[in-house]
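Each chain, written out:
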Amino acid sequence: MPLDLETARAAVARYPSPRSALLTLLWQAQEADGWVTPQTVETVAELLGLTASDVESVLSFYSMYRRTPPATRRLQVCRSLACAMKGAEEILEHVRAETGVGPGETAPDGSFSVEVVECLAACDHAPSCLWNERMEGPLDKQGALARLRGQGGDPA
Amino acid sequence: MIRKLLTEGMDTHDLTRLDVYRGRGGYAALAKALGGMSPEDVFNEVKTSNLRGRGGAGAGAAFKWSTLPNDGRPRYLILNGDESEPGSFSGRMLIERNPHRIIEGALLAAYACGMAKTFVYLRGEFYEGYAILKRAVEMARDAGLVGERILGSGFSHEIVVHRGAGAYICGEETAIMESLEGKRGHPRTKPPFPTAAGLYGMPTVINNVETIANLPGIVENGGAWFAAIGPEKSPGTKICSVSGRVRRPGNYEIEMGTPLRELIEEHAGGLEPGHELQFILPAGASSALIQPKDLDVSLDFDSMMAIRSMLGSAGMLVCDERDCPVHVAYLGARFYHHESCGKCTPCREGTGWTEKVLYRMEHGQGRPGDTERLEQLCQGIGGRKCLCLLGDFSVTYLQSALRAFRDAFVAHEHGSCPMARQEVAIR
Ligand SMILES: Cc1cc2nc3c(=O)[nH]c(=O)nc-3n(C[C@H](O)[C@H](O)[C@H](O)COP(=O)(O)O)c2cc1C
Ligand code: SF4
Ligand code: FES
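What you are looking at is a predicted structure, and each value in this text was computed from that prediction instead of being measured.

Asker: Break down the overall build of chain B for me, with residues and values.
Answerer: Within chain B, the regular secondary structure consists of 18 helices and eight strands. In terms of overall size, chain B behaves like a compact globule, its C-alpha atoms giving a radius of gyration of 22 Å where 427 residues would be expected to give roughly 22 Å. For chain B, the spread of C-alpha atoms along the three principal axes comes to 70 × 45 × 35 Å. The 427 residues of chain B split such that 62% are buried. Nonlocal contacts in chain B, meaning residues at least 24 apart in sequence, comprise 71% of its contacts between residues at least 6 apart. In the structure as shown, chain B presents an accessible area of about 15,400 Å², 50% of it carried by carbon and sulfur atoms. If the 48 positive side-chain charges of chain B are averaged to one point and the 51 negative ones to another, these points end up 4 Å apart.

Encoded structure:
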């Protein structure tokens with residue numbers, strides 16, 4: 001399902017300048033397709049009167065836009081201070097040891113991916129994570145593995 | 001002392017619902033302002049209140065507003081809900097659980113300053129907060145509280161909820177503006193300051209969401225009422241986010257002037273059983289640490305400055321004897337290196353070197369002279385040499401740790417950690 005042009009135009013209209021809607025349109029596209037496709041880059045550029053390389057340059061600055069299709073299940077573990085103090089890195093090591101998938105990697109069958117992220121403003125639940133884009137915590141080794149093996153509830 | 005002004009009713013009621021928020025007196029301040037106060041009246045109440053910004057530096061809210069030029073150009077209001085400082089999580093709670101308070105505050109600020117539009121900039125990871133705040137704005141619009149001729153008055157105002165996409169630097173006031181203009185989030189040179197030339201080059205005020213959430217109380221009860229709460233120069237309350245080695249991590253709204261000891265020992269339940277306080281980072285990763293001897297400091301902007309630290313966003317990370325100050329420094333350095341936007345050489349190169357030196361110290365490969373090397377790096381990066389304060393932020397904790405725990409750093413030069421930490425670190 002590609003970017004819905006009507007929703008996109010409504011977003012553009014909310015800003016004093018069309019280009020301001022760039023991040024919003026990229027979000028809309030990522031929500032529709034799961035990632036920002038090359039087609040999205042073209043469409044968004046055209047909608048906003050930009051070149052594809054303008055869009056690329058902005059896209060590459062922000063870490064949350066995906067440039068490849070997402071895994072079915074996605075675990076993003078916070079590694080900043082409060083979470084690292086409470087064992088985030090031990091969890092990531094455990095996941096790597098048990099599944100062979102380390103931070104920044106995706107299981108060969110595409111069933112799950114593991115990433116590290118910085119402080120999620122959920123330090124009171126450290127170690128915290130985004131599990132399929134939902135904030136959760138405290139995470140532990142068993143919980144992390146269960147989630148990745150599909151025993152952690154349905155992905156959004 | 002716990003004093004709930006911004007979080008009042010939040011534990012017992014679903015304030016995200018407009019009827020519930022209104023049933024508890026919500027939007028009464030807006031009705032009061034639009035029903036008989038001029039914009040100047042609202043401005044004057046805020047001035048009398050002495051409200052200071054909750055986003056970091058404690059700038060006077062009314063003072064900032066007063067620097068807007070009077071030249072007829074459109075003015076914009078930006079609410080800073082980027083909240084990416086490790087250790088800070090009070091804004092997320094307000095956004096998710098008291099969104100109408102933020103909307104009402106934004107409307108009051110917009111009315112007082114004659115803003116053309118408000119943008120609320122939320123960090124991208126706030127998926128839930130974004131949905132909640134957007135829904136709250138829609139509910140408010142349906143009830144005539146946002147949009148054209150609000151509450152039947154002559155005042156019209158739009159609020160746009162905008163989402164970032166993963167970049168700590170976008171919390172910096174000028175980077176936010178670049179980001180809102182659909183560009184890479186690189187800070188701008190200052191001056192011009194945002195009130196003179198901000199978003200789209202127009203006069204712009206940027207305030208933290210918690211700063212703004214204070215406005216309904218100030219307008220409803222009067223600036224003098226607010227000014228009388230807590231210390232004269234730092235009035236009001238502050239939501240402190242406590243994390244780390246305490247029994248009850250969480251957000252606690254305290255009256256300004258409350259002793260840090262009370263916050264940690266009573267409200268947050270004290271240290272985890274059997275452990276001892278070693279130091280606290282009181283305003284996230286970028287603040288100078290506080291040692292147990294200073295635990296009786298009062299939580300307000302000026303008292304915290306007086307002990308060479310800061311209140312800032314009050315994201316308090318509590319560390320006990322298990323937490324090696326060198327390890328915490330490494331975690332901070334890794335964060336800042338990752339988040340440096342790369343525009344200024346001291347920040348880009350300096351945070352990289354700092355991380356590298358701390359990485360080897362943390363991994364048993366410290367070299368003689370590394371402690372001094374870190375001290376030199378701090379001098380090279382700090383001192384406001386850069387376009388924005390991220391460079392300075394990256395050395396504030398480190399410098400304080402080098403002062404307070406120099407021996408621990410020196411021990412790491414020889415491959416030993418006084419806290420005998422077992423190292424597992426992911427690059
Ligand atoms: C690198 C950097 C990151 C910042 N991040 C935030 C943030 O996440 N939230 C915030 O309110 N202020 C942040 N600030 C401070 C803002 O630039 C600005 O001063 C603040 O939003 C003003 O709000 P106030 O006057 O209401 O305190 C940051 C500053 C810097 C230099
Ligand atoms: S100080 Fe660092 S983060 Fe700030 S503008 Fe310079 S390079 Fe970018
Ligand atoms: S440090 Fe992990 S959520 Fe804040």
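Asker: Mind laying out the packing of helix α1 (residues 5-13) of chain A against helix α3 (residues 38-48) of chain A, listing which residues take part and the relevant values?
Answerer: Residues and elements named next belong to chain A. Closest axis-to-axis distance for the α1/α3 pair is 11 Å, and the angle between their directions is 45°. It follows from the interaxial angle that α1 and α3 lie oblique. Handedness of the crossing formed by α1 with α3: right-handed. Contacts from Leu5, Ala8, Arg9 and Val12 in α1 reach Thr43, Leu47 and Leu48 in α3. Of the residues assigned to the contact of α1 with α3, the class counts are five nonpolar, one polar and one charged.

Asker: Can you lay out the site of ligand 1 for me, pointing to particular residues and giving the numbers?
Answerer: Residue and element names in this part refer to chain B. The local shell around ligand 1 holds 19 residues, among which Gly55, Lys64, Asn80, Asn208 and Thr211 are the closest. Side-chain polar atom of Asn80 to an oxygen atom of ligand 1: 3.0 Å apart, as the coordinates give it. Separating a nitrogen atom of ligand 1 from a backbone N or O atom of Gly171 is a distance of 3.3 Å. Secondary-structure elements contributing two or more residues to the shell around ligand 1 are β4 (204-208) and α17 (390-404). Among the elements that line the shell around ligand 1, the one with the most residues is β4, at three residues. Residue classes in the shell around ligand 1 are distributed as five nonpolar, eight polar and six charged. In this structure, the shell around ligand 1 is formed jointly by two domains, domain 1 (18-227) and domain 3 (325-413), each of which donates at least three residues.

Asker: Give a detailed account of the nonpolar core, specifying residues and quantitative values.
Answerer: By size, the foremost hydrophobic cluster in this structure holds 169 residues, and its most contacted members are Tyr62(A), Leu358(B) and Phe409(B). For this core, the leading source of residues is helix α6 (residues 99-113) of chain B, giving 10 residues. Not counting residues up to four positions away in its chain, the partners in contact with Phe409(B) are Pro325(B), Val326(B), Ala329(B), Leu358(B), Met361(B), Thr371(B), Leu374(B), Leu398(B), Ala401(B) and Leu402(B). Ranked by size, the runner-up nonpolar core spans 23 residues in total, among them Cys240(B), Tyr252(B), Met256(B) and Val297(B).

Asker: Which residues make up the interface of chain A and chain B, and what values do they have?
Answerer: Frequently, the measure chosen for interface size is the accessible area removed from exposure when the parts meet. The interface is formed by 42 residues belonging to chain A together with 60 residues belonging to chain B. A combined buried area of about 4,300 Å² lies between chain A and chain B, and 60% of that area is made up of carbon and sulfur atoms. Three residues, Phe61(A), Leu81(A) and Met85(A), lead the burial of chain A against chain B; their summed loss comes to 18% of the area buried on that side. Between chain A and chain B we count three salt bridges in total. Note that Glu89(A) is salt-bridged to Arg334(B), the shortest N-O span being 2.7 Å. On the surface where chain A and chain B come into contact, there are 21 residue pairs in polar contact (both at pLDDT 80 or more). Of all the elements in the fold, those that place two or more residues in the side of chain A that touches chain B are α2 (22-33), α4 (52-61), α5 (81-85) and α6 (88-99) of chain A. Split by residue class, the side of chain A that touches chain B holds 23 nonpolar, seven polar and 12 charged.

Asker: How would you summarise the sheet that holds strand β2 (residues 117-122) of chain B if you had to cite specific residues and measurements?
Answerer: Hydrogen bonds along the backbone pair up the strands of a sheet, which may run parallel or antiparallel. Residue and element names in this part refer to chain B. Spatially, four strands are ordered β3-β2-β1-β4 in an open sheet, and the strand pairing comes out parallel. With one partner strand each, in any of the chains shown, β3 (159-163) and β4 form the two edges of the open sheet. Looking at each pair of strands side by side, their axes are set apart by 20° on average, direction ignored. Direction of pairing for strand β1 (residues 76-81) relative to β2: parallel, over a ladder of six bridges. For Gly81, the partnering residue across the bridge sits in β2 and is Leu122. Where α6 meets the sheet, its contacts fall on β1, β2 and β3, and the angle it forms with β1 comes to roughly 150°. This element, helix α7 (residues 127-142), spans β2 and β3 of the sheet and lies at about 170° to β3.

Asker: So what about the pattern of salt bridges? Which residues, and what values?
Answerer: A side chain with one charge may pair with a side chain of the opposite charge, provided their charged atoms come close. If you walk through the whole model with that rule in mind, you get 39 salt bridges over all chains. Here Arg74(A) ties to Glu133(A) by a salt bridge, and the two come within 2.9 Å at their closest N and O atoms. With Arg74(A) in strand β1 (residues 73-78) and Glu133(A) in the loop between β4 (129-131) and β5 (134-136), this pair connects stretches of sequence that are 59 residues apart. Accessibility assignment for this pair places Arg74(A) and Glu133(A) in one class, buried. Between Arg261(B) and Glu265(B) there is a salt bridge; the shortest N-O distance is 3.0 Å. In this pair, Arg261(B) and Glu265(B) are both assigned in helix α12 (residues 260-267), four residues apart and thus about one turn of the helix distant. Judged by relative accessible area, Arg261(B) falls into the partly exposed class, the value being 29%. Three or more residues joined by partner-sharing salt bridges are found here, namely Lys86(A), Arg245(B), Glu272(B), Asp320(B), Arg322(B) and Asp323(B).

Asker: Lay out unusual backbone geometry with the relevant residues and their values.
Answerer: Most of the time, phi is negative for any residue but glycine, and the peptide bond is trans. Residue Pro127(A) follows Ala126(A) across a cis peptide bond; omega there is -5°. Within the fold, Pro127(A) resides in the loop between β3 (112-117) and β4. Geometrically, the link from Lys190(B) to Pro191(B) is a cis peptide bond, its omega value of -10° lying close to zero. Looking at the element boundaries, Pro191(B) is found in the loop between α8 (173-180) and β4. One non-glycine residue, Arg149(B), adopts positive backbone phi at about 40°.

Asker: I'd like a rundown of the pairing of β2(B), residues and numbers included.
Answerer: Residues and elements named next belong to chain B. Within β2, six of the six residues are buried, which leaves it mostly tucked inside the rest of the structure. Here β2 shows no split at all, with Lys117, Phe119 and Tyr121 on one side and Thr118, Val120 and Leu122 on the other all buried. Pairing of β2 with β3, which is carried by five bridges, proceeds in the parallel orientation. Residue Phe119 lies in a different strand from β3, and its bridge partner there is Val160. Crossover handedness for the path β2 to α7 to β3: right-handed.

About the thresholds
- Residues numbered from 1 in each chain as written.
- Chains lettered and ligands numbered in written order.
- Predicted model: local features only at pLDDT ≥ 70, side-chain atom pairs only at ≥ 80, totals over all residues.
- Heavy atoms only, no water.
- Helix = DSSP H or I, 4+ residues; strand = E, 2+ residues; numbered from the N terminus.
- Rg over C-alpha atoms; globule rule 2.2 N^0.38 Å.
- Buried < 20%, exposed > 50% of the residue type's maximum accessible area, 1.4 Å probe, protein only.
- Contact = heavy atoms within 4.5 Å.
- Areas by Shrake-Rupley, 256 points an atom, 1.4 Å probe, with all protein chains shown as cover.
- Lys, Arg positive; Asp, Glu negative; His and termini not counted.
- Charge placed at Lys NZ, Arg CZ, Asp CG, Glu CD.
- Axes fitted to C-alpha atoms, helices over the stretch in contact; angles between N-to-C directions.
- Parallel < 35°, antiparallel > 145°, perpendicular 65-115°, else oblique.
- Left-handed = near helix turned anticlockwise from the far one by under 90°.
- Nonpolar A, V, L, I, M, F, W, Y, C, P; charged D, E, K, R; others polar.
- Near = heavy atom within 4 Å.
- Polar contact = N/O pair within 3.5 Å; in protein donor to acceptor, adjacent residues only side chain to side chain.
- Domains from an automatic or database assignment.
- Core = buried A, V, L, I, M, F, W, Y, C linked by side-chain atoms within 4.5 Å.
- Buried area = accessible area lost by both parts, 1.4 Å probe.
- Salt bridge = Lys/Arg side-chain N within 4 Å of Asp/Glu carboxyl O.
- Pairing = 2+ DSSP bridges.
- Right-handed = clockwise from strand over helix to strand, strands pointing away.

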